Amino acid sequence: MTSLVGYARRCASQFASVSEKAKYVPRRSLLYVPASSEKMLNKVPLMKSDCVVLELEDGVALTSKAVARSNAVKTLNQLQGSMLSCFELGLRVNSFASGLLEDDLKELSKAEVLPAAFMIPKVDTPEDVATIYDLFRTTFGANRITDSPTRLVIWIESARALLDMPRIVSSVINLHRNSGFFKLDAVVFGSDDFCADIGAIRTAEGLENIYARQRFVTVCKAFQLQAIDSVYIDLKDEEGLRESCLQGHSWGFTGKQAIHPSQVPIIQDSYKPSAERVEWAKSLADAFSMHQQGGTGAFSFRGQMIDRPLLLQAMNVLQMQERIMGGGL
Amino acid sequence: MTSLVGYARRCASQFASVSEKAKYVPRRSLLYVPASSEKMLNKVPLMKSDCVVLELEDGVALTSKAVARSNAVKTLNQLQGSMLSCFELGLRVNSFASGLLEDDLKELSKAEVLPAAFMIPKVDTPEDVATIYDLFRTTFGANRITDSPTRLVIWIESARALLDMPRIVSSVINLHRNSGFFKLDAVVFGSDDFCADIGAIRTAEGLENIYARQRFVTVCKAFQLQAIDSVYIDLKDEEGLRESCLQGHSWGFTGKQAIHPSQVPIIQDSYKPSAERVEWAKSLADAFSMHQQGGTGAFSFRGQMIDRPLLLQAMNVLQMQERIMGGGL
Amino acid sequence: MTSLVGYARRCASQFASVSEKAKYVPRRSLLYVPASSEKMLNKVPLMKSDCVVLELEDGVALTSKAVARSNAVKTLNQLQGSMLSCFELGLRVNSFASGLLEDDLKELSKAEVLPAAFMIPKVDTPEDVATIYDLFRTTFGANRITDSPTRLVIWIESARALLDMPRIVSSVINLHRNSGFFKLDAVVFGSDDFCADIGAIRTAEGLENIYARQRFVTVCKAFQLQAIDSVYIDLKDEEGLRESCLQGHSWGFTGKQAIHPSQVPIIQDSYKPSAERVEWAKSLADAFSMHQQGGTGAFSFRGQMIDRPLLLQAMNVLQMQERIMGGGL
């Protein structure tokens, strides 16, 4: 499999060097760990979800926010440099609207390292984005932010946010390009809050959500971002979870939230690139490599003109496959 | 049940006093009464639809518009101060594009009272909104509009209007805030005209409409407005009507248009808040009330951070339940 | 049937004369003919698809682009003034992003006549539109463009393009109005490239595409454009093709792409206006004609106020029916 790295690197180097800041981070599953629970925190190093999320928001009662914050700082300091089973240790803060975000950030600024990803729920308007960045800059200082390879993951959870999603997302991307804010990597669809906001009742088939979920994916992909699907609530229904994953995958989602470690293997297996997909990506990278040596402009592969988004998809598949093989996940 | 009013009032008073201008008006069903038919008009006082609509538009032939207008004025004058079985007596004028609206308003300005809701079909662009407001202001005078508790209900019935719906709706809301125009309460999806506009053929399953109806609900809810669903055409198919109501309700619609009084009981029953929903709203209002006494900022209820839209939903449920119980509907 | 022409003409003359530049061109099926294949090109005069597309893009290998261009020029010159079985002989160039468009246009400018329709794939942004127009103007000269009855057909094939589609389409329409660029008649949904762009996997039911296809139709119809549906890939599955056509037709699409001549009869039969639809259009035109003689303003037909889009639809049905009957297609 080592040749895959080569392909991905060579391929990627056409556009950007695969530095820490550019590498693809798979997030097939996002597993929440309430930072108020020391018992759960102790298990983090062994958790095999692509992305483990230290949770300060919905999973933590109001009375436990302070404890959760200081636990999170301790965990970040302890696990720095450790071998983790996950690819990414993220941290979800409270929303700006909750009034708790400022205290979250003040406490977190005491950690020696920043989390690999900051995760921000309930981003509702482009104006929210500017205010959130101001809070980060004031608390951490512009340099600490710019120098960090930390990624950003945001949640879309309301009707207003879904309608304004292109402007919200491009605001975050512009703050990265122009002011050095963290790089936006993924957006998560918070379907429970969304359904509560529009007054919809969730059903097993999920027909009530089809517009929201497909618009969500379309906006994510228009900006070349990962699209993370809703939680599957029924913990005992493995078959339903698998079906939900396969539907999400076939609609263009790249991963799914997990509310229990038992959901992770099914989710990650469902969102693994198929053998055909890996073969396609490898051959495309191959063709691209040969084509670059020829020095010509346009580039066709299996009857399709290859553009930048498709090449990027192929690179992501190869990097994901490489990491999955290497990490044994 | 009297305690519910207390909850709703106390709850609402945090944001605005529940004056005539702020109270929630349930519109589970909108029942059209052609104002050209004196026979139908005589039955209005006993009609039990949440909202009864004196109709000047599609339900009235061109040759009967003049009669319908003067009947509407008479009905408004006669029924003022009467006991009505409905919660609201609205009046639907002709669209701006028809060229008939100016004559409608001139005649209606002779009524001693304005209808409880003005209902305006086929609002197609934000520019329409400004022109319509100008017609109202010129005919009624700015003061008579500003002083009235009259609400506004508009119809979205074309592809263009659906695409531009956020700008249309925010134009109306801004005219209320900045110029004292009537308060926009609800938007109605005119699916027959919409389907004719895009050339779609309506089927029983309604899959051809899923994007339009779900986008419609999302925009309504982003602006905290009621979302009123399509007409169900087959008068004899009660089972189909009930299924259509339940689907609409589960998608976030708050009510449905009725083309015959026989449809009203099924519609209103389907859109009644469930016992669980009322219990949720009551408990949330309770928790909010206790929380306010404690004086703290953020507020969590059953594992969810409570924001303004959710609190508003709870208040609306309580006010609706109160009126339904009080009105025997 | 001759009376239908009369109706359509009389009807249309209220708004615009039915000159070559205004007439409705049915495009129930779009059949691709790779311009690299002389064998296929020889069959063009007998092809019965409403619209036959000389193809320079995806259907032509990179190494054959030059041959395809000069074949296309020869075909345009030879077939000028010939009796063709199709209503329109279009020509699809390469996308702007491919870097091949400039060479396409340079070669095509040598043809004595322009194609009846220029077809442009992968229009991704409103900025693309301006650049494409500049290329046309520079190559052909503004006058040759303005003087030609050539129509424009564009492809929407990415997440970004779908989100920005209203601005893309109105850019093209404005270039026609303000600068005399070709008149935009139709937009085609390129579902394979779209699915590749969002990472979706196409299924037989096509649920993964419902948001994209229905938004696509809504935007087309908001601008009164034809909406051309996806390719049906399985050449042997006639029943599946017919179902796909009927679904598209009932959703508001006006035609469908064909990748093989064998698909054309099924597609064209499915997209033919029904007898009821023709009767509706004829009666509406009749009523409109009588109404115009009466000289009054508003106009009602079978209980519905008739506005410009509906009248236009009726005219299009009549023109299409006339051409289908006349052309024996």
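Definitions and cut-offs
- Residues numbered from 1 in each chain as written.
- Chains lettered and ligands numbered in written order.
- Predicted model: local features only at pLDDT ≥ 70, side-chain atom pairs only at ≥ 80, totals over all residues.
- Heavy atoms only, no water.
- Salt bridge = Lys/Arg side-chain N within 4 Å of Asp/Glu carboxyl O.
- Helix = DSSP H or I, 4+ residues; strand = E, 2+ residues; numbered from the N terminus.
- Buried < 20%, exposed > 50% of the residue type's maximum accessible area, 1.4 Å probe, protein only.
- Domains from an automatic or database assignment.
- Contact = heavy atoms within 4.5 Å.
- Buried area = accessible area lost by both parts, 1.4 Å probe.
- Polar contact = N/O pair within 3.5 Å; in protein donor to acceptor, adjacent residues only side chain to side chain.
- Pairing = 2+ DSSP bridges.
- Axes fitted to C-alpha atoms, helices over the stretch in contact; angles between N-to-C directions.

(A) Just the pattern of salt bridges, in detail. Tallying each qualifying case throughout the model produces 57 salt bridges over all chains. Notably, a salt bridge pairs Asp185(A) with Arg151(A), separated by 2.7 Å at the nearest N-O pair. With Asp185(A) in strand β6 (residues 183-189) and Arg151(A) in strand β5 (residues 151-156), this residue pair connects regions lying 34 residues apart in the sequence. Note on Asp185(A): relative accessible area 8%, which makes it buried. Note on Arg151(A): relative accessible area 3%, which makes it buried. Put simply, Lys122(C) and Asp58(C) hold a salt bridge, and the shortest N to O gap is 3.7 Å. With Lys122(C) in the loop between β4 (117-120) and α5 (126-140) and Asp58(C) in the loop between β2 (51-55) and α3 (65-79), the pair connects residues that are 64 residues apart, well separated along the chain. For Lys122(C), a relative accessible area of 14% corresponds to the buried category.

(B) Representation of the domain arrangement of chain A in the model. Residues and elements named next belong to chain A. What the domain assignment reports for chain A is domain 1 (1-24 + 273-329) and domain 2 (25-272). Computed from C-alpha atoms alone, the centre-to-centre distance between domain 1 and domain 2 is 27 Å. Domain 1 puts 16 residues into the contact, and the matching count from domain 2 is 18 residues. Here domain 1 and domain 2 share an interface that buries about 1,400 Å² over both sides, 59% of which is from carbon and sulfur atoms. There are 0 salt bridges connecting domain 1 and domain 2. Viewed at the interface, domain 2 and domain 1 are joined by 3 residue pairs in polar contact (both at pLDDT 80 or more).

(C) Molecular detail of the sheet that holds strand β1 (residues 29-34) of chain B. All names here are of chain B. Reading around the barrel, the 8 strands line up as β1-β2-β3-β4-β5-β6-β7-β8 and close back on themselves, with parallel pairing between neighbours. Put simply, the sheet's adjacent strands are angled 30° from each other on average, direction ignored. Pairing analysis gives 5 bridges linking β1 to strand β2 (residues 51-55), with the strands arranged parallel. By the bridge assignment, Leu30 is partnered in β2 with Cys51. Sitting on the sheet, helix α10 (residues 210-222) touches β5 (151-156), β6 (183-189) and β7 (226-229), and the angle it makes with β7 is about 160°.

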